[in-house]
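Chain by chain, the residues:
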Amino acid sequence: MKKKEKKPLWQWVIDPQVIEVIKLIHFYNHWTIPVTVGQNILTAIKPFINVICSAMILDRLISGAGAFAVMQVVYWMVALNLVCSLLISVLDWLMQSYLSLNSVSEQRFSEKALQLDYERMEQTDVRDMIRLHDQVKNIGGISNFLNSFGRIVKYLVSLVYAFVLILPFFFTETITEKGIVQWIFTSPLSGIILAATLSISIWCSIINFRKKQKAIEEDWESSLKFNRITAYFHFSIAKYQNGKDIRSYRLVDIYLKRFRECMEQLMIYLKKQTKLEEEYGGRIIFISQTAVTLFYIIVGTKALFGVITVGSILKYVNSLTSFYESFIGLLNDLTEMNIAALHLKCDTDFFSIKNKKYEGQIPVEKRDDNEYELEFKDVSFSYPGSEHKVLDHVSFHFKVGSKIALVGKNGAGKTTFIKLLCRLYDPTDGQILLNGIDIKKYDYREYQSLFSVVFQDFKLFSFELGENIASNVTYDEEQVWNCLKKAGLEDRVKKMKNGLQTVLYQTGNEGMEISGGEAQKIAIARALYKDAPVIILDEPTSALDPISEYEIYSKFDELVSNKTAIYISHRMSSCRFCNNIVVFDHGGICESGNHEELLAKKGLYYNMWQAQSQYYEEDQADAEKVKNYL
């Protein structure tokens, strides 16, 4: 039987995840933790200035000291309060003005996401971390943790100060003149009784605090599911593009039903939280109040026997009150901090992700003649977490300048082939070579600069139109207009009120909605602007009308010029302009050649052609009409 590993003593109170969150905050800003600690130390010290000075003033008044001696303490009390308040205000100003973590954490989180390999970003656990990050941010996130951490510092300092002020209580004079009762309350035995009471109450409170924290953590884990569902529905409703389908298919009832289910789960969760607070919080308060009552009895009795002064009574009572208020606050905030750290595990885990992709150092040779050779050499690939081979021992060789069409049934491996070529993923087995060298050895950014891709599920962003095309905030306007002209969108953009400065989509006050066909043309213009040696088009005309489609096909050679063009389509007729057609089936290449050669083989390509041939005459007639119209 495996021996159970012993936890360090501090882990009974502080979850190890707290240390990871503190490291994360330090990564965000090196000064945040020191300033928070300093601010809360001063906040903790300030009340004790008044406690000590008040006791000294009272003792001096009772002893008949002069006005000057009394006022001297008053001046010190006012001065120290003023200095503490000033320093606290300065540190608070620093926290609010320069050390705010909300914007910094979002910026760093976004930077990390943008720097992760595409392969990592596609993984379910990573996407869950990002979704959970948004949920945690909405309920306080890192601010909650930092607030609890700061209060814990304050409570710890208060406990130390209170204990130091209470310490003389244990070393008072022992009096035996009036019997056993007087001896018990003035001898060291009273201190032992008090210390034992304090120790027992602290230990019992810690046990209850740990049970409460464990119950809250279990509830948090169980609440994640309905939190995710609620977040999804909120996001879905807020996305105005979904409004047409929600109303057309009368999805309102489904949304309301799901919301009610989530709200019911939320109410159950909140009731359990309330019950936990009542049960465990009540126990802690009962234990602490019992100890406080005993201490008051001992302090009061010592004062009756004349062992301590009237001023000392004030000092001890205030110190004791501060001690237990700080102790209860410490336990509560330790719970809050540990729970906040648990919530922020998605952030610490996210920042601990390492990119797997090897980034080489060899620069890609810059060639004016675009003489590059690319080769798939016995390449196999399975997506992470799956044993199914999407590509199975694929070998293929081509030179830059050729026009290639990739065809095949859905799931045959065409898009995966492109992802590997662009090095969004690395092969599971085999190699991809550029000019005879494994592409892993090339500088990653330089290698990716060889490709301009229009994916079937391409995305445009709510930037200015010119910025979308150039993928940069600065760009050559003449070149952008030239790319728009080639993509067939120049006239449309000229009619827009702000031209190239038109913001796409309605995320701002002046955002503009565009059609699917217009978006596809902008994506093609973006690929042309990059001016890479290899241009890849995945169903590039799927959203275009017949006239626009004809324009793209009729100018295809002009668009790609001397570049390599890799074209993916399910329409066989649109592949005829390519000098090499590669047919994928079940993760491999089963045929390749030009249109006539593949028809002569009467294989898969021939069957696919025949299945669509009834539409070709109609397409050809439509094309003639379009040509005549133009």
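Preceding block: the structure.
Let's talk about the overall build of the chain
Each helix and strand in the chain was counted, giving 23 helices and 10 strands. In the chain, 75% of the contacts between residues at least 6 apart in sequence involve partners at least 24 apart. Working note: accessible area of the chain is about 34,400 Å², and carbon and sulfur atoms make up 57% of it.

Digging into empty space enclosed by the protein
If you walk through the whole model with that rule in mind, you get 1 cavity of 30 Å³ or more. Lining the largest cavity are Phe163, Ile166, Phe170, Leu198, Phe295, Leu320 and Phe323. Going through the elements one at a time, helix H7 (141-166) and helix H12 (310-343) are the ones with two or more residues in the lining of the largest cavity. A class-by-class count of the residues in the lining of the largest cavity yields 7 nonpolar, no polar and no charged.

Side note on unusual backbone geometry
Comment: phi is negative for the bulk of residues other than glycine, and the bulk of peptide bonds are trans. Unlike most non-glycine residues, aspartate 378 shows phi in positive territory, near 50°. With respect to the element layout, aspartate 378 can be found in strand E1 (residues 373-381). Even without being a glycine, aspartate 531 presents a positive backbone phi close to 55°. Of note, aspartate 531 is situated in the loop between helix H19 (516-530) and strand E7 (534-538).

Points about the environment of valine 90
Along the chain, valine 90 turns up in helix H3 (residues 67-97). Through-space distance from the C-alpha of valine 90 to that of glutamine 39 is 9.0 Å; in sequence the pair is 51 residues apart.

Some remarks on the layout of surface pockets
Where empty space is left in the structure can be found by rolling a water-sized probe over the atoms. In this model, the largest pocket occupies a volume close to 2,300 Å³. Surrounding the largest pocket, 47 residues form its lining, Leu114, Tyr118, Leu424, Phe455 and Phe461 being those nearest its centre. Mapped by element, the contributors of at least two residues to the lining of the largest pocket are helix H4 (101-115), helix H5 (118-121), helix H6 (124-138), helix H14 (414-421), helix H15 (444-448), strand E6 (451-454), helix H16 (465-470) and H19. Ranked by residues supplied to the lining of the largest pocket, first place goes to H4 with 6 residues.

Observations concerning the sheet that holds strand E9 (residues 580-585)
In space, the 6 strands of this open sheet follow the order E6-E7-E8-E3-E9-E10, with mixed pairing throughout. The open sheet has two free edges, formed respectively by E6 and strand E10 (588-593), since each of these has just one partner strand. Averaged over all pairs of adjacent strands, the angle between strand axes in this sheet comes to 20°, irrespective of strand direction. Pairing analysis gives 4 bridges linking strand E3 (residues 403-408) to strand E8 (residues 564-568), with the strands arranged parallel. Across the sheet, the residue bridging to alanine 405 is tyrosine 567, located in E8. On top of the sheet, H14 reaches E3, E6, E7, E8 and E9; it is set at about 135° to E3, its chief contact. Along the sheet, H19 contacts E6 and E7; its crossing angle with E6, the most-contacted strand, is approximately 180°.

A closer look at the packing of aromatic side chains
All chains considered together, the criterion is met by 17 aromatic pairs. The interplanar angle of 45° and the centroid separation of 6.0 Å between the aromatic rings of phenylalanine 27 and tyrosine 28 together place this pair among those described as tilted. The class of phenylalanine 27 is partly exposed, set by a relative accessible area of 40%. With centroids separated by 6.1 Å and ring planes inclined at 75°, the aromatic side chains of phenylalanine 109 and phenylalanine 351 adopt a geometry described as edge-to-face. Of this pair, phenylalanine 109 sits in helix H4 while phenylalanine 351 is found in helix H13 (residues 345-351), placing the two residues 242 residues apart along the sequence.

Quick look at the pattern of salt bridges
If the charged atoms of two oppositely charged side chains come close together, the side chains can form a pair. Counting across every chain of the model gives 7 salt bridges. Residues aspartate 426 and arginine 423 are paired through a salt bridge, measuring 2.8 Å at the closest nitrogen-oxygen approach. Judged by relative accessible area, which is 1%, arginine 423 ranks as buried.

A closer look at the nonpolar core
The nonpolar side chains of a soluble globular protein tend to be buried, and buried together. Ranked by size, the top nonpolar core spans 72 residues in total, and within it Ile25, Phe145, Phe169, Tyr324 and Phe350 carry the most contacts. By size, the runner-up hydrophobic cluster in this structure holds 44 residues, among which are Ala470, Val493, Ile524 and Leu604.

A word on the sheet that holds strand E5 (residues 437-438)
Taken in spatial order, the 4 strands line up as E2-E1-E4-E5 in an open sheet, and their pairing is antiparallel. Lying at the two open borders of the sheet, with one neighbouring strand each, are strand E2 (391-399) and E5. Of the pairings in the sheet, the one linking E1 to strand E4 (residues 429-434) comprises 5 bridges and is antiparallel in character. Note on E4: the bridge partner recorded for serine 380 is aspartate 429.

Thoughts on a nonpolar patch on the surface
There is a patch of nonpolar side chains on the surface, built from Ile180, Trp183, Leu189, Ile192 and Ile193 and spanning about 440 Å² of accessible area. Of all the secondary structure elements, the ones that give two or more residues to the nonpolar patch are helix H8 (180-186) and helix H9 (188-238). If you tally residues by element for the nonpolar patch, the top one is H9, at 3 residues. Here leucine 189 shows up in helix H9. Owing to a relative accessible area of 32%, leucine 189 belongs among the partly exposed residues under this scheme.

Cut-offs applied
Residues numbered from 1 in each chain as written. Predicted model: local features only at pLDDT ≥ 70, side-chain atom pairs only at ≥ 80, totals over all residues. Heavy atoms only, no water. Helix = DSSP H or I, 4+ residues; strand = E, 2+ residues; numbered from the N terminus. Contact = heavy atoms within 4.5 Å. Areas by Shrake-Rupley, 256 points an atom, 1.4 Å probe, with all protein chains shown as cover. 1 Å grid on protein atoms, 1.4 Å probe; cavity = no way out; pocket = protein on both sides within 12 Å on 5 of 7 lines; lining within 4 Å. Points joined across faces, edges and corners; volume = space filled by probe spheres on them. Nonpolar A, V, L, I, M, F, W, Y, C, P; charged D, E, K, R; others polar. Pairing = 2+ DSSP bridges. Axes fitted to C-alpha atoms, helices over the stretch in contact; angles between N-to-C directions. Phe/Tyr/Trp six-rings, centres within 6.5 Å; stacked < 30°, edge-to-face > 60°. Buried < 20%, exposed > 50% of the residue type's maximum accessible area, 1.4 Å probe, protein only. Salt bridge = Lys/Arg side-chain N within 4 Å of Asp/Glu carboxyl O. Core = buried A, V, L, I, M, F, W, Y, C linked by side-chain atoms within 4.5 Å. Patch = residues over 30% accessible without salt bridge, like charges linked within 9 Å, V, L, I, M, F, W, Y side chains within 5 Å.

No statement about biological role is implied by the geometric values presented.
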